[in-house]
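# Architecture and fold: a report
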Amino acid sequence: MNFLLNEQVELVAATARDFAEKHIRPDMMMWDEEQIFPVDALHKAGELGLMGVLVPHEYGGAGLGYHEYMHVIMEIAAVCGSVGLSVAAHNSLCTGHMLQFGNEEQKKKYLPKLATAEWIGAWGLTEPNTGSDAGNMQCVATRDGNDWIINGTKSWITHGNSGNVAVVIARTGEPRTSRNCTAFIVERGTPGFSAGKKENKLGMRASETAEMIFDNCRIADSQRLGEVGDGFVQAMKVLDGGRISIAALSLGIAKGAYKAALQYAKERKQFDKPIAEFQGIAFKLADMATRIEAAELLTSQAADLKNRGEKVTRESAMAKYYASEVAVAVSTDAVQIFGGYGYTKDYPAEKFYRDSKLCTIGEGTSEIQKLVIAREVLR
Ligand SMILES: Cc1cc2nc3c(=O)[nH]c(=O)nc-3n(C[C@H](O)[C@H](O)[C@H](O)COP(=O)(O)OP(=O)(O)OC[C@H]3O[C@@H](n4cnc5c(N)ncnc54)[C@H](O)[C@@H]3O)c2cc1C
């Protein structure tokens, strides 16, 4: 599907595709096997403008829109989901939060570093006991004069160990009350801020996922993002945009798996003919292609609305929900089409299959997307 592409989107997509082929493909299986977070590849992506896609030129970014962003994530994820996830989390979450809710001083200080990937960003909402129920978080920030003291643990944080700076959402009011969370910028090296356990994951193994621990971590009030009590609402708005990037991540994985399976089905012969000539395989390919195009339409719709500054809660949840389930279904079919070879690391299908599952979990599970969609359609 390419009718929404224009010359600029095609050019940006080509840059991302070239980056992925040159700087990711050669080493990605080794990174995956050994769980190496390829920070140098992200620095390279930063030089190409891929780490601050939506950041305006005045803050050192590429100054592009959501269609370009969606295609950047798709092209990278079609080669490696892990790097796609890291690029998406850096752009949408940490950088996106500061871009939307930072004051001028904060934007001038942090966005140029993030947009060029001189600094890698992390974003901490989830905790060990509060994932889907993030509003019930236990990490607290207490006011002390002109400072805040943060105590608690954030878990499952992309770049939780290697991130140079994190946006952290902490509770500043009573539990289970409205407007009880506030967002803060915390730099790596701040006393009382350390990394905890690094997760050993099924897929997305080259995207670092780790705990962030706050033990009497003191930060100045100038590190607060927006108003006291706005943190949760801010986080939900950041996720509205972030979900477009997870939909794009899902699409990239689905496209990569489909492309590999299509080629293999034409080449692999059984019973003296290519397996693509068996209806059982051809119908799988037809389903894969149809689902991918439907997911791309939903994601493009959300990107379009976002570019126009409209509310995208419903559309981005639909795109994320549908595209992530498509990524899992398509990569599962890809393994099936590869047969026994699909179950080995000599062929690309197994990695797409492992990486795809994160897409139905991260930035809100499929069940939570359905809650969001239901709430919107029942309004
Ligand atoms: C690789 C990876 C990277 C991540 N990166 C980040 C990051 O950078 N920053 C960050 O803050 N978080 C991050 N996360 C966390 C992620 O957003 C959470 O894992 C996710 O929101 C789900 O939370 P949970 O794991 O606690 O599951 P739970 O909330 O415990 O859910 C468990 C199951 O219960 C279901 N469930 C829960 N509530 C309901 C309900 N009301 N109705 C129906 N079903 C329900 C869920 O859908 C799920 O199937 C990351 C996670 C992973 C795996």
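Shown above is the structure to which this text applies.
I will try to describe carefully the structure that is included in this document. (Residues numbered from 1 in each chain as written. Predicted model: local features only at pLDDT ≥ 70, side-chain atom pairs only at ≥ 80, totals over all residues. Heavy atoms only, no water.)

## With respect to the pattern of salt bridges
A pair can form between side chains of opposite charge whenever their charged atoms are brought close. With the rule as written, the count across this model stands at 23 salt bridges. Note that R176 is salt-bridged to D133, the shortest N-O span being 2.9 Å. On the criterion of sequence distance, the pair formed by R176 in the loop between strand 4 (165-171) and strand 5 (181-187) and D133 in the loop between strand 1 (121-124) and strand 2 (140-144) is long-range, its members being 43 residues apart. Given the relative accessible area of 62%, R176 is considered exposed. Note on D133: relative accessible area 35%, which makes it partly exposed. With its nearest N and O atoms 3.1 Å apart, the salt bridge here joins E199 to K197. Note on E199: relative accessible area 11%, which makes it buried. With a relative accessible area of 51%, K197 lands in the exposed category. (Salt bridge = Lys/Arg side-chain N within 4 Å of Asp/Glu carboxyl O. Helix = DSSP H or I, 4+ residues; strand = E, 2+ residues; numbered from the N terminus. Buried < 20%, exposed > 50% of the residue type's maximum accessible area, 1.4 Å probe, protein only.)

## Notes on the environment of M98
Turning to its location among the elements, M98 is positioned in helix 5 (residues 81-101). Judged by relative accessible area, which is 1%, M98 ranks as buried. Taking the C-alpha atoms as reference, M98 lies 25 Å from G81; in sequence the two are 17 residues apart. When sequence neighbours within four positions are dropped, the list of residues in contact with M98 reads K107, Y110, L111, L114, V165, V167, I185 and L225. (Contact = heavy atoms within 4.5 Å.)

## Some points on the packing of helix 8 (residues 279-307) against helix 9 (residues 313-338)
The geometry of helix 8 relative to helix 9 is characterised by a closest axis approach of 9 Å and an angle of 155° between their N-to-C directions. Classified by the angle between their axes, helix 8 and helix 9 sit roughly antiparallel to one another. For the crossing formed where helix 8 meets helix 9, the hand is left-handed. Classifying every residue of the contact of helix 8 with helix 9 by side-chain character gives 18 nonpolar, four polar and four charged. (Axes fitted to C-alpha atoms, helices over the stretch in contact; angles between N-to-C directions. Parallel < 35°, antiparallel > 145°, perpendicular 65-115°, else oblique. Left-handed = near helix turned anticlockwise from the far one by under 90°. Nonpolar A, V, L, I, M, F, W, Y, C, P; charged D, E, K, R; others polar.)

## Side note on helix 4 (residues 66-77)
With twelve residues, helix 4 extends 16 Å from end C-alpha to end C-alpha; this agrees with the ideal 16 Å at 1.5 Å per step. Counted residue by residue, helix 4 has twelve buried out of twelve residues, so it is predominantly covered. For helix 4, the complete set of buried residues consists of Y66, H67, E68, Y69, M70, H71, V72, I73, M74, E75, I76 and A77. In the core, the buried residues of helix 4 are packed alongside helix 1 (7-23), helix 5, helix 7 (231-267), helix 8 and helix 10 (349-356). (Expected span 1.5 Å × (residues − 1).)

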